[in-house]
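Descriptive analysis of the structure
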Amino acid sequence: MDFNVKKLASDAGVFFTRAVQYTEEKLGQAEKTELDAHLENLIARADCTKNWTEKIFRQTEVLLQPNPSARIEEFFYEKLDKKIPSRITNAELLGQYMQDAAKDFGPGSPYGSTLITVGEYQKRLGGSEREFLQTSAINFLTPLRNFLEGDWKTISRERRLLENRRLDLDVCKARLKKAKLAEAKAAAEHELRVAQTEFDRQAEVTRLLLEGISSTHVNHLRCLHEFVEAQAAYYAQCHRHMQDLQKELSSANGDTFPNAFAVNASTSGVSAGPSPLSTGTQPGPSSPSRPPNPPDALESNTLKIEEVKPPATGTRKAKVLYDYDAADTSELSLLADELITVYTVPGMDPDWLIGERGNQKGKVPVTYLELLS
C-alpha cells in the first residue's frame, strides 16, 4: 500500500511537471525539441489514415446493418467473444409473410399463387443479402477493425512514449543551461546524453511503425477490391432473381391483366386510359425490342397515314422513353424525353399508336412511350 501511494504521488508530480512544461512551450517560454520533417509527415499521414479509416468503417457498418440496436448487439457479442446469432433478413421475413398469406387466401387462386412465387424470390433475395453481409464483414470490416484496434493502438502508445522522451530531453537541456558549477554541468551533460539517446531510439521505433502505414494502405486496397467484388456479385444475383421473377409472373399472369389501352382501342376506337402494367411499370434503361410490323391488311395496305385524322376525343399526351428510328415512311421517328400527341384508330394493331409532333405524323410503338393523363 505504501508503494502504491508513493507511485501515485510520483505520477501526480510528473503529470504536474508535464502540464507546466506544455504551458511554457505554448507561451514560448521553454525550449521545444522539434521532430524532423520526415517524421512529422509520417505522423500527419498516420492521423489522416486513422481518421478516414474510422469514418469508412463506421459508415460501412451502417450500410451493412442499418439497425443501430442490432449493431450494438453485435458489438457486445464480439467483445464477449461469442458467436453472433444468425438473424433473418427483411427480405426473407417478407417472403415468409407472403407465403403465409397465400395459405389463407388460397394457394390455388391467382393472388395466392403469385404471393407464393414472389415470396420464394424474396427469400432468395434475402439469402443473397445474407451472403453479401457475411462476406463483406469478413473481407472488409474485419481488416479495418484490426487496424483501428490493433496497429493504431500500438502506434499511439509509441507516439505517447516518444512525446515523453522529448519532454525529458527538453528538461535536460533546460537543466544544463541553468547549471553553474562544473560538477553540476557534468551531471547535466550526462543526463542530456542519456535523454538524447533514448529520444533517438524511440523516434526510430516510432518511424518504423509509421512507415508501416504504407503496407496498411496496400492491405486495405486489396480488401476494398474484395468488397466491391462481393457487392457486384450481390447486385448481379438480385438482378437475376428479379428477371426470373418477372418472367414467371409474365408467363403465369400474361392473360390475367390485358393491356387496357389496347382493349379499349379495339372495341371503341377511343383511348380511355393507360394500362396499369403499360404505364405503371416502365422498361429498364435499355430500349425495348421493336414490335413486329402488323400483318393486318388494313394497316399494311389500306391505312394511309396522311389520311388519318385525330378523333374528336381520345387523344392523349405521351412522353417518349427511348429514341426510335422509323422503319419506313408510315412510322414517326422519336427522340427520348420529347412529348407527342397519340391516339388510335379502329382496326389498328394494339402495339402501335398514331403519333403527332407538329405537322409530322406516323405510327409509333406503345412500348417506347409513357402515356400521360
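Look a little higher up for the structure.
This text gives an overview of the structure that appears in the document. Since the structure is predicted, the reported quantities are computational estimates derived from the model, not experimental observations.

Turning our attention to the overall build of the chain. A tally of helices and strands in the chain yields ten helices and five strands. Counting all 373 residues of the chain, 32% fall into the buried class. Pairs at least 24 residues apart make up 68% of the contacts formed inside the chain by residues separated by at least 6 positions. Here the chain has roughly 23200 Å² of accessible surface; of this, 57% comes from carbon and sulfur atoms.

Ranked by internal contacts, the top residues of the largest apolar core, which has 31 residues, are L35, L39, F132, L162 and L210. Only α2 (37–64), α5 (110–178), α6 (182–211) and α7 (213–253) provide two or more residues apiece to this core. Here L210 is in contact with L39, L42, I43, A46 and I155, once residues within four sequence places are set aside. Core analysis: the second largest hydrophobic core is formed by 21 residues, A318, V345, W352 and I354 among them.

Attention now goes to the pattern of salt bridges. As enumerated under the stated definition, the model contains 15 salt bridges in all. Put simply, R166 and D170 hold a salt bridge, and the shortest N to O gap is 2.8 Å. With R166 and D170 both in helix α5 and four residues apart, this pair spans about one turn of that helix. Judged on exposure class, the residue R166 and its partner D170 are both buried. Residue E356 is joined to K361 by a salt bridge in which the shortest nitrogen-to-oxygen separation is 3.9 Å. Using a relative accessible area of 24% as the deciding quantity, one classes K361 as partly exposed. Each member of the salt-bridge network shares a partner with another, and the members are R58, E61 and R145.

This part covers the packing of α2 against α5. In the contact formed by α2 and α5, the axes pass within 10 Å of each other and the chain directions differ by 150°. Here α2 lies roughly antiparallel to α5, going by the angle between them. By crossing handedness, the relation of α2 to α5 is classed as left-handed. Its residues assigned to classes, the contact of α2 with α5 shows 16 nonpolar, four polar and six charged.

Turning our attention to the sheet that holds strand β3 (residues 352–357). What holds strands together in a sheet is hydrogen bonding between their backbones, with the strands either parallel or antiparallel. On the basis of which strands lie adjacent, the open sheet formed by five strands has the order β4-β3-β2-β1-β5 and antiparallel pairing. Looking at the sheet topology across the chains shown, the edges are occupied by β4 (360–365) and β5 (369–371). Pairs of neighbouring strands in the sheet enclose a mean axial angle of 40°, with direction left out of account. Examined bridge by bridge, strand β1 (residues 316–320) and strand β2 (residues 339–343) share four bridges and lie antiparallel to one another. Within β2, the residue paired with R316 across the bridge is V342.

Calculation rules
Residues numbered from 1 in each chain as written. Predicted model: local features only at pLDDT ≥ 70, side-chain atom pairs only at ≥ 80, totals over all residues. Heavy atoms only, no water. Helix = DSSP H or I, 4+ residues; strand = E, 2+ residues; numbered from the N terminus. Buried < 20%, exposed > 50% of the residue type's maximum accessible area, 1.4 Å probe, protein only. Contact = heavy atoms within 4.5 Å. Areas by Shrake-Rupley, 256 points an atom, 1.4 Å probe, with all protein chains shown as cover. Core = buried A, V, L, I, M, F, W, Y, C linked by side-chain atoms within 4.5 Å. Salt bridge = Lys/Arg side-chain N within 4 Å of Asp/Glu carboxyl O. Axes fitted to C-alpha atoms, helices over the stretch in contact; angles between N-to-C directions. Parallel < 35°, antiparallel > 145°, perpendicular 65-115°, else oblique. Left-handed = near helix turned anticlockwise from the far one by under 90°. Nonpolar A, V, L, I, M, F, W, Y, C, P; charged D, E, K, R; others polar. Pairing = 2+ DSSP bridges.

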